[in-house]
Amino acid sequence: MTATRDDHGRFPFETIIGLEVHVQLKTVSKLFCRCSTKFGAAPNTQICPVCLGLPGALPVINQQAIELSIRAGLALNCRIPEFTKWDRKQYFYPDLPKGYQISQYDLPICAEGYLDLPETDTGEAAKRIGLFRAHLEEDAGKSMHDETGGLTQSRIDLNRCGTPLLEIVTKPDLRSAEEARRFLLELKLLLTHLEISDCEMQEGSLRVDANVNLHISAGNQKVVTPIVEIKNMNSFRAVERAIGFESLRQYDEWEETGATIQTVSKRTFGWNDVREQTFVQREKEESADYRYFPDPDLIPVALPAERVDAIRAALGELPSQTRTRFETQYQLKPYDADVIVNQGPTLVRYFEAVAKVAGDAKRTSAWIQQDVMRTLKEQQCELNDFPIAAPTLGQLLRKVTEGSLDNARARDVFQYLLRHGGTLDEATKALGIEAVDQSELDLLCDRLLAENAKVIDDVRGGKQQALGALIGQAKRINPNVNPGQLRQRLLEKINAV
Amino acid sequence: MAFSEQEIRQLARLARLELTAEEVRMVGPQLERILEFVQQLAELNTDQVEPMTTALDIQNCWAADQVADGLQRSAALANAPQADGEHFLVPPVLPGGNG
Ligand SMILES: [Zn+2]
């Protein structure tokens, strides 16, 4: 079939995306020395002869970095080879004092794997994204160049040098900017859940490079555009926008110049977040020039199956499994399970603790999504600092489910607890909420019916909505009265007469 | 195994060495002699031999993930050609970098 141009004058094209994601492992010390990895320290205060690359220094592998890498690999369905080793990647840059980066070339710690993306509430189907590998390497330092201070010198802070990074390399399986964002969100959820990484792009504990090109169906020929690697994206939103921009830029470039993967080699582009544009950084890749070779200072790592199995056994429930469990155990809709699970393990634990006491998972899910999550967002606070303890919210929701407290009153209690903390008893007492007993309810009903003869006629005539006026009056007389119970008692009395 | 002048210049560039034309002519034959010496190993048949990654007969030396003191900043910066008391100072580099 011959492909023709669309309304925008473009031939149909598909965007092919592969990501390289660097995540900083959550260790307290560096990959090959015992300097601290703490973020935000004064410049050059977390360095030693090893990470400075001074002569005679000997690197020693951080055991926890190996542990976390295997944990990540297993969660990403990777094969964990029995043997892995270290290689030097040579290049010169002022933030790399050794003149080489210790990385892994041909025998990475995690071999081929995949990550499943769940279906979305907007109707995007579930999708499996393949991974080529994940390897361990050390980070470089930071160079700062103050353009305003004249172009005299750059300042170098080597605190970050030697910080453990796991580089996760996807297959070119992603087909849109939105899909790339979905992948990153799911990856972040998994890695934060397993406490492998904080995955904070702002702090540099997650960095993304995107390899992008197009497959264009131009008439009856298939065109493949040159690959561009986009760097310097500082948020998930930036990744999405950069890929979106780049795919249209490549299409236009092909229309203008006819450049294809055969005529132009891979280039590196940066992302300008302010202008929302990609721009050329390097015209030609020089990947063949890193001259990797095995690092003679380091000893290879053997990972017996028992060790890997032990880590696998300790993985616990992964977010995708929690979603499924929430749907079966609590009968939550996939969308609701997704919203809660995507908030991370703390909210998952909170939800389960509340639901257990409340005895009503659906109500718990609704309250957590509407009231708890909204409050957290409005007050920009973390769940750990949330003033309402899970059992307290659970008791409150149990009262609603039992019918002894209506939703509106329950929200008053919720607001009170938000402001003052404390127990449910303290809150209800402070708000003057007392259970209205049966005799009180009867007295109230009798009074209302005596004063509103017309309502009785209306209800008998089939207009049950006439009761609404009585419920309003009752609330004014006694705010603690439960509208549902009142309504039922009124009906009983009217029908009994 | 002969080196072209272009190959020598490429190797020099990767190693950030500035070679004069005279030095390029001198280094070429020297490198060739080194490679010829190593080339003797090629006489051995290694079809059935697994590539070796280390000469040491040990595996798995690790350290526990515990922070230990490193260098004082003043000591770390002491031998730098240029420093401002907090940072190493280098000729200007563009943001972004390599790697
Ligand atoms: Zn160090």
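Conventions used here
- Residues numbered from 1 in each chain as written.
- Chains lettered and ligands numbered in written order.
- Predicted model: local features only at pLDDT ≥ 70, side-chain atom pairs only at ≥ 80, totals over all residues.
- Heavy atoms only, no water.
- Patch = residues over 30% accessible without salt bridge, like charges linked within 9 Å, V, L, I, M, F, W, Y side chains within 5 Å.
- Areas by Shrake-Rupley, 256 points an atom, 1.4 Å probe, with all protein chains shown as cover.
- Salt bridge = Lys/Arg side-chain N within 4 Å of Asp/Glu carboxyl O.
- Helix = DSSP H or I, 4+ residues; strand = E, 2+ residues; numbered from the N terminus.
- Buried < 20%, exposed > 50% of the residue type's maximum accessible area, 1.4 Å probe, protein only.
- Donors = N, O, S within 2.8 Å, 3.2 Å for Na, K, Ca; no water.
- Tetrahedral: all angles 85-135°; square planar, octahedral: opposite > 155°, others 65-115°.
- Contact = heavy atoms within 4.5 Å.
- Buried area = accessible area lost by both parts, 1.4 Å probe.
- Polar contact = N/O pair within 3.5 Å; in protein donor to acceptor, adjacent residues only side chain to side chain.
- Pairing = 2+ DSSP bridges.
- Axes fitted to C-alpha atoms, helices over the stretch in contact; angles between N-to-C directions.
- Expected span 1.5 Å × (residues − 1).
- Right-handed = clockwise from strand over helix to strand, strands pointing away.

1. Here we look at a nonpolar patch on the surface
All names here are of chain B. Taken together, the side chains of I34, F37, V38, L41 and L44 make up a nonpolar region of the molecular surface, amounting to roughly 550 Å² of accessible area. You can see L44 is positioned in the loop between α2 (21-39) and β1 (62-63). The class for L44 is exposed, based on a relative accessible area of 58%.

2. What to know about the coordination of the zinc ion
Residue and element names in this part refer to chain A. Within the protein, C33 (SG), C35 (SG), C48 (SG) and C51 (SG) serve as the donor atoms for the zinc ion, at 2.2 to 2.4 Å. Taken together, the four donor atoms coordinating the zinc ion span angles of 97 to 116° at the metal, a pattern that classifies the geometry as tetrahedral. One chain supplies every donor to the zinc ion, and in sequence these donors are spaced C-x1-C-x12-C-x2-C. Of the two residues, C33 sits in the loop between β1 (13-24) and α1 (49-52) while C48 sits in the loop between β1 and α1, which places them 15 residues apart along the sequence. Look at C33 and you get buried, because its relative accessible area is 5%. Residue C48 is classed as buried on the basis of its relative accessible area, which comes to 10%.

3. Remarks on unusual backbone geometry
Its identity is not glycine, yet A:N232 carries a phi of approximately 60°, on the positive side. In this structure, A:N232 sits in the loop between β13 (228-231) and α4 (236-257). A relative accessible area of 37% means that A:N232 is categorised as partly exposed. Phi is positive for B:R16, which is not a glycine, with a value near 55°. Position of B:R16 among the secondary structure elements: in the loop between α1 (5-14) and α2. Judged by relative accessible area, which is 53%, B:R16 ranks as exposed.

4. Re the interface of chain A and chain B
Across the boundary between the two partners, chain A contributes 53 residues, which contact 39 residues of chain B. Taken over both partners, the interface formed by chain A and chain B buries close to 4000 Å², and the fraction arising from carbon and sulfur atoms is 59%. Viewed at the interface, chain B and chain A are joined by zero salt bridges. Where chain A touches chain B, the interface holds 15 residue pairs in polar contact (both at pLDDT 80 or more). Counting only elements with at least two residues in the side of chain A that touches chain B, the list comes to α1, β2 (61-62), α2 (63-75), β8 (142-144), β9 (154-157), β15 (277-282) and β17 (301-302) of chain A. Sort the elements by how many residues they give to the side of chain A that touches chain B and β9(A) lands first, with four residues.

5. Regarding the pattern of salt bridges
Opposite charge on two side chains permits them to pair, given that their charged atoms come into close proximity. All names here are of chain A. Enumeration according to the criterion identifies 42 salt bridges over all chains in this entry. Across the pair E246 and R249 runs a salt bridge whose closest N-O atoms are separated by 2.9 Å. Here E246 and its partner R249 are both found in helix α4, three residues apart, which amounts to about one turn of the helix. With a relative accessible area of 17%, R249 lands in the buried category. Across the pair R489 and D442 runs a salt bridge, and its minimum N-O distance is 2.6 Å. Placement of R489 in helix α16 (residues 483-496) and of D442 in helix α13 (residues 438-451) is noted, with a sequence separation of 47 residues between them.

6. Quick word on the sheet that holds strand β2 (residues 88-90) of chain B
In spatial order, the strands read β8(A)-β9(A)-β2(B); together these three strands make up an open sheet with antiparallel pairing. Every interior strand has two partners, whereas the edge strands, β8 of chain A together with β2 of chain B, have only one. Strand-to-strand twist across the sheet, computed as the mean angle between neighbouring axes with direction ignored, equals 30°. Bridging between β9(A) and β2(B) involves three bridges; their strand directions are antiparallel.

7. Observations regarding the sheet that holds strand β4 (residues 87-90) of chain A
Residues and elements named next belong to chain A. The strand order β5-β4-β16 describes an open sheet built from three strands, whose pairing is antiparallel. Each of the sheet's edge strands pairs with one partner strand only, and the pair in question is β5 (100-103) and β16 (293-294). Two elements, β4 and β5, share four bridges in a ladder whose sense is antiparallel. Bridge pairing in β5 links Q90 to Y100.

8. Some details on α2(A)
Note on helix geometry: an α-helix contains 3.6 residues per turn, so any two residues three or four positions apart are oriented the same way. Residue and element names in this part refer to chain A. Compared with an ideal rise of 1.5 Å per residue, which puts 13 residues at 18 Å, α2 spans 19 Å between its outermost C-alpha atoms and is within 8% of the ideal. Listing the buried residues of α2 in full gives A65, I66, L68, S69, I70, A72, G73, L74 and A75. Sitting at the amino-terminal end of α2 is N62, which places a side-chain oxygen 2.9 Å from the backbone nitrogen of Q64. Downstream of α2 by one or two residues, N77 has phi in the positive range, about 60°.

9. Comments concerning the pairing of β13(A)
Residue and element names in this part refer to chain A. Neither face of β13 is left uncovered, since the one carrying V228 and I230 and the one carrying E229 and K231 both have all their residues buried. Pairing geometry for strand β11 (residues 206-218) and β13, over three bridges, is antiparallel. The residue of β13 that forms the bridge with V212 is V228. Two elements, β13 and strand β14 (residues 267-272), share four bridges in a ladder whose sense is parallel. If you follow I230 over to β14, its bridge partner there is F269. Each parallel crossover has a hand, and the one from β13 via α4 to β14 is left-handed.

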